[in-house]
Amino acid sequence: ESYYTDVLNGVNGREFGYLNEDSELQRTVIEPENGYSLVSTLDVNIQQIVEKYIKQLDEELSDGPNQELNGHGAKNIAVIVMNPKTGEIYAMATNHGYDLSDPYNVSSWYDQDEVDALSEEEQAVVYNDMWSNFCVSYAFELGSTFKPITVSAALETGSINPDDTFYCDGYEFITDTRINCDNVNGHGMETVREAIQNSCNDALMQMSYLIGPANFSRYQQIFNFGLKTNIDLPGEARTDSLIYTEDQLSTINLATNSFGQSYNVTMIQMITGYCSLINGGDYYEPHVVKQIQNENGNVIETKNPVL
């Protein structure tokens, strides 16, 4: 609603007039125009399933160590479901839901008395934390979800071949730093496919040496990491300052970047890049509105996929 305010609001009617030289009132009436309606890309069934399992996970983890989260199991739990062939968002939700008719009620996350005692500036931080959409407004370390992106860059640049193999002994030593694989005992000899299946840090680090800083940086840009996706939602973050540039990709930074650590991107950047990876290479602009209709249900505008 915030993003499409001008579409939804319509135009207020008004009446004005003036007296002519004969002191006769000349009146002009501008009729009001109703606002348009939006047809969302969201699938109600998928959205409900997503919200159900976010709530279930939040409750299951609520007895964990994060007692300061007022009964929540994690600071942020978030899910996006996207059609990789169109960029349509089928579901998007977090564990930071709130009542739209009572937006200043933050009791699900905070002690209301404590919030009331805060200054206006401090309260603004609390409210913005409640109202912000983690999926588009916050950045985080991707971790192993980034590994297919690294492999795709390696294959596209010819740095590796699909039938290459890599030996995982459980770690890589870079200068005097030991960087472990999740399996510290090692996966042994792996194909490229098995490296992905096993989520093998060691094999991915070895691939990063072959890709090199220039190509690795170039493919982060190709997949649009660090930049806005232009999704039709407010508050989308840019994270270009959180991405390593080519000259910053030392061997150790390149190694950790290869499996999604030591830099941050947003969820919407990740899923949009990931969809382009699995759909054959087409990067579609994500969107949550597919049609704009007038009061009679006639289609005024169709939001076709933007490549």
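Look up: the structure comes first, before these words.
First things first, this report covers the structure right here in the doc. Please read all numbers here as calculations on a predicted model, not as lab measurements.

Turning our eyes to something else, we now look at the layout of surface pockets. Space inside the largest pocket adds up to approximately 1,200 Å³. Surrounding the largest pocket, 29 residues form its lining, Met-92, Tyr-98, Leu-100, Asn-133 and Leu-233 being those nearest its centre. Every element with two or more residues in the lining of the largest pocket is listed here: β3 (37-40), α2 (44-60), β5 (89-94) and α4 (120-131). For the lining of the largest pocket, the element with the highest residue contribution is β5, accounting for four residues. For the lining of the largest pocket, the class distribution of residues is 15 nonpolar, ten polar and four charged.

We now examine α4. Its twelve residues give α4 an end-to-end C-alpha distance of 16 Å, which sits within 8% of 16 Å, the value for a rise of 1.5 Å per residue. Along α4, the residues that are buried comprise Gln-123, Val-126, Tyr-127, Asp-129 and Met-130. In an axial view of α4, the angular spread of the buried residues amounts to 155 degrees, which keeps them on one side of the axis. Opposite the buried face of α4, by more than 90 degrees, sit the exposed residues Glu-121 and Val-125. Among the structural elements, α3 (112-116) are those in contact with the buried residues of α4.

Strand order in the open sheet formed by three strands is β3-β12-β13, with antiparallel pairing between adjacent strands. Edge positions in the sheet fall to β3 and β13 (299-302), since each of these pairs with one other strand and no more. Here the average twist between neighbouring strands, direction ignored, is 25 degrees. Of the strand pairs in this sheet, β3 and strand β12 (residues 289-293) are connected by four bridges, and their pairing is antiparallel. Among the inter-strand pairings, Val-39 is bridged to a residue of β12, identified as Gln-291.

Here we come to the environment of Asn-34. Checked against the element boundaries, Asn-34 lands in the loop between β2 (25-30) and β3. Through-space distance from the C-alpha of Asn-34 to that of Phe-173 is 66 Å; in sequence the pair is 139 residues apart. In this structure, Asn-34 is in contact with Gly-10 and Glu-295, ignoring residues within four places of it in sequence. A polar contact is formed between the side chain of Asn-34 and the side chain of Glu-295, at a distance of 2.7 Å.

With respect to the helices and strands, the residue Thr-266 is situated in strand β11 (residues 264-266). Residue class for Thr-266 comes out buried when judged on its relative accessible area of 0%. Reaching out from Thr-266, the side chain makes a polar contact with the backbone nitrogen of Gln-269 at a distance of 3.2 Å. Here Thr-266 is in contact with Cys-135, Val-136, Tyr-138, Ala-139, Phe-140, Ala-237 and Thr-239, once residues within four sequence places are set aside.

Turning next to the pattern of salt bridges. Summed over the entire model, instances satisfying the criterion amount to four salt bridges. A salt bridge links Glu-15 to Arg-27; its shortest N-O distance comes to 2.5 Å. Remark: Arg-27 occurs in strand β2 and Glu-15 occurs in strand β1 (residues 14-19); sequence separation between them is twelve residues. Both residues of the pair, Glu-15 and Arg-27, belong to the exposed class. Note that Asp-240 is salt-bridged to Arg-238, the shortest N-O span being 3.1 Å.

Leu-142, Phe-146, Met-207, Phe-225 and Val-265 are the most contacted members of the largest nonpolar core, which has 27 residues in total. Contributions of two or more residues to this core are made by α6 (147-156), β7 (165-168), α7 (192-197) and α8 (201-222). It is α8 that provides the largest number of residues to this core, a total of six residues. Core analysis: the next-biggest nonpolar cluster, separate from the first, contains 15 residues, Ile-80, Met-82, Val-136 and Cys-275 among them.

Reading the values: rules and limits
Residue numbers here run from 1 along each chain, matching the order of that chain's written sequence. At least 70 in pLDDT is required for a residue's local features to be given in this predicted model, at least 80 for side-chain atom pairs to be given and counted, and no such filter applies to totals for whole chains, interfaces and linings, which use all residues. For the side-chain quantities, the full set of heavy atoms in the structure was used; hydrogens and water were omitted. Buriedness for pockets is judged along seven lines, at least five of which must meet protein on both sides within 12 Å for an open set on the 1 Å grid over protein atoms alone, while cavities are sets there where a 1.4 Å probe fits but cannot get out, and lining residues have an atom within 4 Å of a point. Grid points are joined across faces, edges and corners, and a volume is the space filled by probe spheres set on the points. Where helices and strands are cited, they refer to DSSP runs of H or I of at least four residues and of E of at least two residues respectively, numbered from the N terminus. Any residue that is not Ala, Val, Leu, Ile, Met, Phe, Trp, Tyr, Cys, Pro, Asp, Glu, Lys or Arg is counted as polar, Gly included; the first ten are nonpolar and the last four charged. Between the first and last residue of a helix there are one fewer steps than residues, each counted as 1.5 Å, and that sum is the expected span. Buried residues are those whose accessible area, probed at 1.4 Å on protein chains only, stays under 20% of the maximum for their type, while exposed residues exceed 50% and partly exposed ones sit between those limits. The directions considered for the arc are those from the helix axis to the C-beta atoms. In this description, contact between two residues means that some pair of their heavy atoms is separated by no more than 4.5 Å. Any two strands between which DSSP finds at least two bridges are classified as paired. Axes here mean lines fitted to C-alpha atoms, for a helix over just the part in contact, with angles spanning 0 to 180 degrees between N-to-C directions. Polar contacts, as counted here, are pairs of nitrogen or oxygen atoms within 3.5 Å of one another; within protein the pair requires one atom able to donate a hydrogen and one able to accept it, and residues that are adjacent in sequence qualify only if both atoms are side-chain atoms. By definition here, a salt bridge exists when the distance from a side-chain nitrogen of Lys or Arg to a carboxyl oxygen of Asp or Glu is within 4 Å. Residues belong to a common nonpolar core when they are buried Ala, Val, Leu, Ile, Met, Phe, Trp, Tyr or Cys residues joined through side-chain atoms within 4.5 Å.

Note that all results are geometric; they support no functional claim without further evidence.
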